[in-house]
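What follows is the residue order along each chain.
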Amino acid sequence: MANTKTRTIRLTDEQIAALDSLAEKLNISGQRGARFQPFIQWIADTSSYALAETAAALEVAAGCAAGEDWHELIESVEPDWPKE
């Protein structure tokens, strides 16, 4: 059985709606149509196996949200690959 912890996070209604929309766009859902917890679990799992790539993708998305050009961001953001 997996060790789980309960944590409280505070989000605005708009933030929750945005995360719910993203989960829907990614086709992530759980029991009875729940989206938020399955989405957070998906992010955690994805980051566990592809941390550098996940961070780079979110960095590009943050740049786009700030009004930067997607194409330029893709060219400039490179995952911080772990040293082997």
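That block above? That's the structure.
Residues numbered from 1 in each chain as written. Predicted model: local features only at pLDDT ≥ 70, side-chain atom pairs only at ≥ 80, totals over all residues. Heavy atoms only, no water.

> Account for a negative patch on the surface, naming residues and giving values.
A contiguous patch of negative charge on the surface is contributed by Glu68, Asp69, Glu72 and Glu75. Among the secondary structure elements, Glu72 is positioned in helix 4 (residues 70-76). Owing to a relative accessible area of 55%, Glu72 belongs among the exposed residues under this scheme. (Patch = residues over 30% accessible without salt bridge, like charges linked within 9 Å, V, L, I, M, F, W, Y side chains within 5 Å. Areas by Shrake-Rupley, 256 points an atom, 1.4 Å probe, with all protein chains shown as cover. Salt bridge = Lys/Arg side-chain N within 4 Å of Asp/Glu carboxyl O. Lys, Arg positive; Asp, Glu negative; His and termini not counted. Charge placed at Lys NZ, Arg CZ, Asp CG, Glu CD. Helix = DSSP H or I, 4+ residues; strand = E, 2+ residues; numbered from the N terminus. Buried < 20%, exposed > 50% of the residue type's maximum accessible area, 1.4 Å probe, protein only.)

> I'd love a proper account of the side chain of Thr54, names of residues and values included.
By secondary structure assignment, the location of Thr54 is in helix 3 (residues 51-65). Judged by relative accessible area, which is 11%, Thr54 ranks as buried. Here the side chain of Thr54 touches Ala50 through a polar contact of 2.7 Å, landing on its backbone oxygen. Residue contacts for Thr54: discarding those within four places in its chain leaves Thr46 and Ser47. (Polar contact = N/O pair within 3.5 Å; in protein donor to acceptor, adjacent residues only side chain to side chain. Contact = heavy atoms within 4.5 Å.)

> Hey, could you go over the layout of surface pockets for me, with residue numbers and the actual values?
Any space left empty among the atoms is revealed by the rolling of a water-sized probe across them. Estimates place the volume of the largest pocket at around 440 Å³. In this structure, the largest pocket is lined by Asn3, Thr4, Lys5, Thr6, Arg7, Thr8, Ile9, Phe36, Gln37, Ile40 and Gln41. Taken together, the residues that form the lining of the largest pocket break down as three nonpolar, six polar and two charged. Here the second largest pocket is characterised by a volume of approximately 160 Å³. As for the second largest pocket, its lining consists of Leu22, Leu26, Phe39, Trp42, Ile43, Thr46, Thr54, Ala57, Leu58 and Ala61. When residues of the lining of the second largest pocket are traced back to their parent elements, those giving at least two are helix 2 (36-49) and helix 3. Broken down by class, the residue content of the lining of the second largest pocket amounts to eight nonpolar, two polar and no charged. (1 Å grid on protein atoms, 1.4 Å probe; cavity = no way out; pocket = protein on both sides within 12 Å on 5 of 7 lines; lining within 4 Å. Points joined across faces, edges and corners; volume = space filled by probe spheres on them. Nonpolar A, V, L, I, M, F, W, Y, C, P; charged D, E, K, R; others polar.)

Note that every value here comes from positions in space, so none of it alone points to a role or purpose.
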